[in-house]
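Residue-level structure breakdown
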Amino acid sequence: MASVGRLFVISGPGGVGKSTIVEALRTHSSFYFSVSATTRAPRNGEKDGVSYHFIDDGKFSDLVKAGEFLEHAEFAGAHYGTLRQPVFDALQLGKNVILEIEIQGARQVKKAMPDAVMVFIAPPSREDLLRRLEGRGTDDPARIRARLELAEEELAAMGEFDHVLVNHRVEEIVDALVSLAARNE
Ligand code: 5GP
């Protein structure tokens, strides 16, 4: 029988480049990528069921009440959550599962699943992170300001993680995650 897979939680401040890293990791078929549910509106190019399951507030709270989420959190005015069942199914099949989530959710996963490998993606510097957030151009100014404030709080959580990887180059982080997964096999 295949052994159970490991759960990798990739977290860090909004704007640090987590989603770019996860996108680059997709070439490694050994990982299963959890698709989160969110109440925020799709951005250009995002596909329902691929980038996220885009749902409304009512549906989100139904899923919360039904206990369908492994974790869920509010981030910059929208709700985000990881559906429990697909993650457990993939782990049972022996897959290494990647969750790309913000800090409050990461804390909930660590509590529920203490064996999860907790990875914090850190920016090369605070200035670098601020530049990325301001340069993104996909959000309105109020949302960018909210994200800047959150990012400050999120940076303070670094010490709670098993591994801190500094995002100088996406390829470096991808290599580090692939070797982490190999170490855990
Ligand atoms: P964005 O709206 O830019 O796609 O994501 C905003 C933040 O929500 C990012 O930090 C991202 O990692 C986080 N996020 C995405 N999916 C989930 C989820 O299922 N749960 C939690 N807690 N955070 C998530």
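First things first, this report covers the structure right here in the doc. Within any chain, residue numbers begin from 1 and follow the written order of that chain's sequence. Residues qualify for local features only when their pLDDT is at least 70, as the model is predicted, and side-chain atom pairs are given and counted only at 80 or more; totals for whole chains, interfaces and linings, by contrast, use all residues. Each side-chain value is derived from all of the structure's non-hydrogen atoms; neither hydrogens nor water enter the calculation.

**So, the site of the ligand**
Filter applied, for reference: The rule for a residue being near a molecule or strand is that one of its heavy atoms must lie within 4 Å of it. Residues adjacent in sequence count toward polar contacts only when both atoms are side-chain atoms; beyond that, a polar contact is any pair of N or O atoms within 3.5 Å, and within protein one must be able to donate a hydrogen and the other to accept it. As defined here, a cavity is a set of points on a 1 Å grid over the protein atoms alone where a 1.4 Å probe fits but cannot get out. A pocket is an open set with protein on both sides within 12 Å along at least five of seven lines, and residues line them when an atom is within 4 Å of a point. Pocket or cavity membership: a molecule qualifies when more than half of its atoms sit within 2 Å of the grid points of that site. Starting at the N terminus, helices and strands are each numbered in turn, a helix being any DSSP run of H or I of at least four residues and a strand any DSSP run of E of at least two. Residue polarity follows a fixed list, in which Ala, Val, Leu, Ile, Met, Phe, Trp, Tyr, Cys and Pro are nonpolar, Asp, Glu, Lys and Arg are charged, and the others, Gly among them, are polar.
In the neighbourhood of the ligand, 16 residues make up the surrounding shell, with Arg 40, Tyr 52, Tyr 80, Glu 100 and Glu 102 lying closest. Between an oxygen atom of the ligand and a side-chain N or O atom of Arg 40, the distance comes to 2.5 Å. A distance of 3.4 Å is found between an oxygen atom of the ligand and a side-chain nitrogen or oxygen belonging to Thr 82. Cavity membership is defined here by more than half of the atoms lying within 2 Å of grid points; on that basis the ligand lies in the largest pocket. Residue assignment for the shell around the ligand shows that the elements contributing at least two residues are strand 5 (69-75) and strand 6 (78-83). Of the residues contributing to the shell around the ligand, the split by class is 5 nonpolar, 4 polar and 7 charged.

**A closer look at the sheet that holds strand 5**
Where we set the bar: Only when DSSP finds a minimum of two bridges between them are two strands counted as paired. Whether two residues are in contact is decided by their heavy atoms: any pair within 4.5 Å suffices. Where helices are involved, their axes are fitted lines through C-alpha atoms of the stretch in contact, as for all axes, and angles between N-to-C directions lie from 0 to 180°.
Overall, mixed pairing links the 4 strands, which are arranged 4-3-6-5 in an open sheet. Only two strands of the sheet have a single partner each, and these edge strands are strand 4 (53-54) and strand 5. For strand 5 and strand 6, the ladder comprises 6 bridges, and the chain directions are antiparallel. Paired with Phe 69 across the two strands is Leu 83, which belongs to strand 6. Packed onto the sheet, helix 3 (residues 84-92) meets strand 5 and strand 6 and runs at close to 30° relative to strand 6.

**What about the packing of aromatic side chains?**
Convention followed: Any two of the Phe, Tyr and Trp rings considered here, Trp counted by its six-membered ring, make a pair once their centres fall within 6.5 Å; the pair's planes then place it as stacked at under 30 degrees, edge-to-face at over 60, or tilted in between. Think of it in three bands: residues with accessible area under 20% of the maximum for their type are buried, residues over 50% are exposed, and the middle band is partly exposed, with areas taken using a 1.4 Å probe on protein chains only. Remark: a charge is flagged as sitting over a ring if the NZ atom of Lys or the CZ atom of Arg is within 6 Å of the ring centre and within 35 degrees of the ring normal.
Throughout the structure, instances matching the rule amount to 7 aromatic pairs. Consider the rings of Phe 120 and Phe 161, whose centres lie 5.2 Å apart with planes at 65°: the pair is edge-to-face. Placement of Phe 120 in strand 8 (residues 117-122) and of Phe 161 in the loop between helix 6 (141-155) and strand 9 (163-166) is noted, with a sequence separation of 41 residues between them. Summarising the burial analysis for this pair, Phe 120 and Phe 161 share the class buried. One aromatic cluster in this structure is built from Tyr 52, Phe 54, Phe 75 and Tyr 80. The residue whose ring lies beneath Arg 26 is Phe 33, and the NZ or CZ to ring-centre distance is 4.8 Å.

**So, the environment of Leu 148**
Here Leu 148 shows up in helix 6. For the pair Leu 148 and Pro 13, spaced 135 residues apart in sequence, the C-alpha separation works out to 9.2 Å. In this view, Leu 148 contacts Leu 130, Leu 133 and Glu 134; residues no more than four positions away in its chain are not counted.

**What about the sheet that holds strand 7 (residues 96-100)?**
Spatially, 5 strands are ordered 2-7-1-8-9 in an open sheet, and the strand pairing comes out parallel. In this open sheet, the two edge strands, each paired with only one partner strand, are strand 2 (31-33) and strand 9. Each strand of the sheet is rotated relative to its neighbour by a mean of 25°, with strand direction disregarded. Of the strand pairs in this sheet, strand 8 and strand 9 are connected by 4 bridges, and their pairing is parallel. When the sheet's bridge partners are listed, Phe 120 is paired in strand 9 with Val 164. Lying over the sheet, helix 4 (residues 103-112) contacts strand 1 (7-11), strand 7 and strand 8, oriented at roughly 155° with respect to strand 1.

In short, geometric facts, not functional conclusions.
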